[in-house]
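Coordinates in review
These are the residues of each chain, in order.
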Amino acid sequence: GIQVEQSPPDLILQEGANSTLRCNFSDSVNNLQWFHQNPWGQLINLFYIPSGTKQNGRLSATTVATERYSLLYISSSQTTDSGVYFCAVVLYSGGGADGLTFGKGTHLIIQP
Amino acid sequence: DTGVSQDPRHKITKRGQNVTFRCDPISEHNRLYWYRQTLGQGPEFLTYFQNEAQLEKSRLLSDRFSAERPKGSFSTLEIQRTEQGDSAMYLCASSLNYPDEQFFGPGTRLTVL
């Protein structure tokens with residue numbers, strides 16, 4: 001099956017720093033999403049980005065589908081950015097099948 | 001509509017008991033998905049529905065698990081004869097169609113004693 005690898009697994013930064021999270025995937029995809037999971041377990045949608053670049057405030061994401069990777073950028077980090085960030089993909093099958101396949105996540109800690 | 005809702009939010013049960021969870025998707029979303037997440041891992045896909053039809057099941061979904069979406073709206077996930085290994089967060093998601101963005105509910109955290 002499709003493999004999704006996220007790096008780094010853990011990241012500790014000071015408030016105000018910038019960070020880049022990476023997601024590599026092993027096959028062509030129809031859907032790629034970035035999520036932030038809060039301490040209560042809720043998955044919060046950040047980006048739906050099977051290709052191209054999007055920005056939302058301090059966050060932006062880029063997916064290079066031909067090279068099978070996606071990047072999530074967080075600028076001017078705040079303590080509320082702490083949590084686990086997941087990348088998830090749907091394999092390009094043409095048949096409308098399959099749920100999201102998630103990576104193991106990046107655990108981000110922003111220290112004041 | 002405020003998003004995907006799940007009930008209950010927490011469930012504690014004894015090994016061998018049956019449990020049932022409910023998911024209400026975003027209205028007019030045709031696709032509904034169930035996932036399971038264990039501690040320290042990303043969610044894993046279990047099954048999904050296109051309207052009322054269950055179209056795919058993961059090999060993770062043993063015979064003790066059954067899911068329904070009888071009228072193409074809400075869905076239920078039942079686990080029979082629960083085992084301690086079933087302890088996990090059960091997440092529901094919905095999307096308008098394939099391969100649209102999926103939106104997740106808050107989850108049901110199951111603890112099997």
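Higher on the page you've got the structure.
Residues numbered from 1 in each chain as written. Chains lettered and ligands numbered in written order. Predicted model: local features only at pLDDT ≥ 70, side-chain atom pairs only at ≥ 80, totals over all residues. Heavy atoms only, no water.

1. Comments concerning the overall build of chain A
Looking only at helices and strands, one finds zero helices and eleven strands in chain A. Tracing chain A from N to C terminus, the helices and strands come up as β-β-β-β-β-β-β-β-β-β-β. What you see for chain A is a C-alpha radius of gyration of 14 Å, in line with the 13 Å of a compact globule of 112 residues. Seen along its three principal axes, the alpha-carbon backbone of chain A occupies a region of about 45 × 25 × 20 Å. Within chain A, contacts between residues at least 6 apart in sequence are counted, and of these 56% link residues at least 24 apart. A total accessible area of about 5,200 Å² is found for chain A, and carbon and sulfur atoms account for 50% of it. Here chain A holds 5 positive side-chain charges and 7 negative ones, and the gap between their average locations is 4 Å. (Helix = DSSP H or I, 4+ residues; strand = E, 2+ residues; numbered from the N terminus. Rg over C-alpha atoms; globule rule 2.2 N^0.38 Å. Contact = heavy atoms within 4.5 Å. Areas by Shrake-Rupley, 256 points an atom, 1.4 Å probe, with all protein chains shown as cover. Lys, Arg positive; Asp, Glu negative; His and termini not counted. Charge placed at Lys NZ, Arg CZ, Asp CG, Glu CD.)

2. Thoughts on the state of the cysteines
Counting across every chain of the model gives two disulfides over all chains. What pairs with Cys23(A) in a disulfide is Cys87(A), and their sulfur atoms sit 2.0 Å apart. Across the disulfide from Cys23(A) to Cys87(A), rotation about the S-S bond amounts to roughly -60°, and the bridge is consequently left-handed. Taken together, the positions of Cys23(A) in strand 3 (residues 19-25) and Cys87(A) in strand 9 (residues 83-91) put the pair 64 residues apart, joining distant regions of the chain. The pair Cys23(A) / Cys87(A) is uniform in exposure class, with both members buried. With a sulfur-sulfur separation of 1.8 Å, Cys23(B) is cross-linked through a disulfide to Cys92(B). (Disulfide = S-S within 2.5 Å. Buried < 20%, exposed > 50% of the residue type's maximum accessible area, 1.4 Å probe, protein only.)

3. Details of the layout of surface pockets
The space that makes up the largest pocket amounts to roughly 720 Å³. Along the wall of the largest pocket there are 24 residues; nearest its centre are Ile2(A), Thr101(A), Phe102(A), Glu44(B) and Arg59(B). For the lining of the largest pocket, the secondary structure elements donating two or more residues are strand 1 (4-7) and strand 10 (101-102) of chain A together with strand 5 (44-50) and strand 6 (53-57) of chain B. Of the residues contributing to the lining of the largest pocket, the split by class is eight nonpolar, nine polar and seven charged. In this structure, the second largest pocket spans a volume of roughly 430 Å³. Forming the walls of the second largest pocket are 21 residues, and the residues nearest its centre are Gln37(A), Gln37(B), Thr38(B), Leu39(B) and Gly40(B). Elements supplying a minimum of two residues to the lining of the second largest pocket: strand 9 and strand 11 (106-111) of chain A together with strand 9 (88-95) of chain B. (1 Å grid on protein atoms, 1.4 Å probe; cavity = no way out; pocket = protein on both sides within 12 Å on 5 of 7 lines; lining within 4 Å. Points joined across faces, edges and corners; volume = space filled by probe spheres on them. Nonpolar A, V, L, I, M, F, W, Y, C, P; charged D, E, K, R; others polar.)

4. Some remarks on the interface of chain B and chain A
Each partner contributes residues to the interface: chain B has 21 residues there, and chain A has 23 residues. Interface area lost by chain B to chain A is led by Tyr98(B), Glu101(B) and Phe104(B), which between them contribute 31%. Counting every contact that joins chain B to chain A gives zero salt bridges. Counting across the chain B and chain A interface gives eleven residue pairs in polar contact (both at pLDDT 80 or more). Taken together, the elements giving at least two residues each to the side of chain B that touches chain A come down to strand 4 (31-37), strand 5, strand 9 and strand 10 (103-104) of chain B. Of the residues forming the side of chain B that touches chain A, the biggest block, four residues, is contributed by strand 4 of chain B. (Buried area = accessible area lost by both parts, 1.4 Å probe. Salt bridge = Lys/Arg side-chain N within 4 Å of Asp/Glu carboxyl O. Polar contact = N/O pair within 3.5 Å; in protein donor to acceptor, adjacent residues only side chain to side chain.)

5. A closer look at the sheet that holds strand 3 of chain A
For sheets, the rule is that strands pair by backbone hydrogen bonds, running either parallel or antiparallel. All names here are of chain A. Strand order in this open sheet of five strands is 1-3-8-7-6, and the pairing throughout is antiparallel. At either end of the open sheet lies a strand with only one pairing partner, and these are strand 1 and strand 6 (52-56). Neighbour-to-neighbour, the strand axes of the sheet open up by a mean angle of 15°, direction not taken into account. Where strand 3 and strand 8 (residues 69-74) come together, six bridges link them in antiparallel fashion. Paired with Asn24 across the two strands is Tyr69, which belongs to strand 8. (Pairing = 2+ DSSP bridges. Axes fitted to C-alpha atoms, helices over the stretch in contact; angles between N-to-C directions.)

6. Thoughts on the pattern of salt bridges
One pass over the full model with this rule turns up five salt bridges over all chains. Note that Asp81(A) is salt-bridged to Arg58(A), the shortest N-O span being 2.9 Å. Here Asp81(A) is found in the loop between strand 8 and strand 9, whereas its partner Arg58(A) is found in the loop between strand 6 and strand 7 (59-64), with 23 residues between them in sequence. On the basis of relative accessibility, which here comes to 7%, the residue Asp81(A) falls in the buried class. The class of Arg58(A) is partly exposed, set by a relative accessible area of 26%. Where Arg64(B) meets Asp86(B), a salt bridge forms, and the shortest distance between an N and an O atom there is 2.9 Å. Taken together, the residues span a long stretch of sequence, with Arg64(B) in the loop between strand 6 and strand 7 (65-68) and Asp86(B) in the loop between strand 8 (75-79) and strand 9 at a distance of 22 residues.

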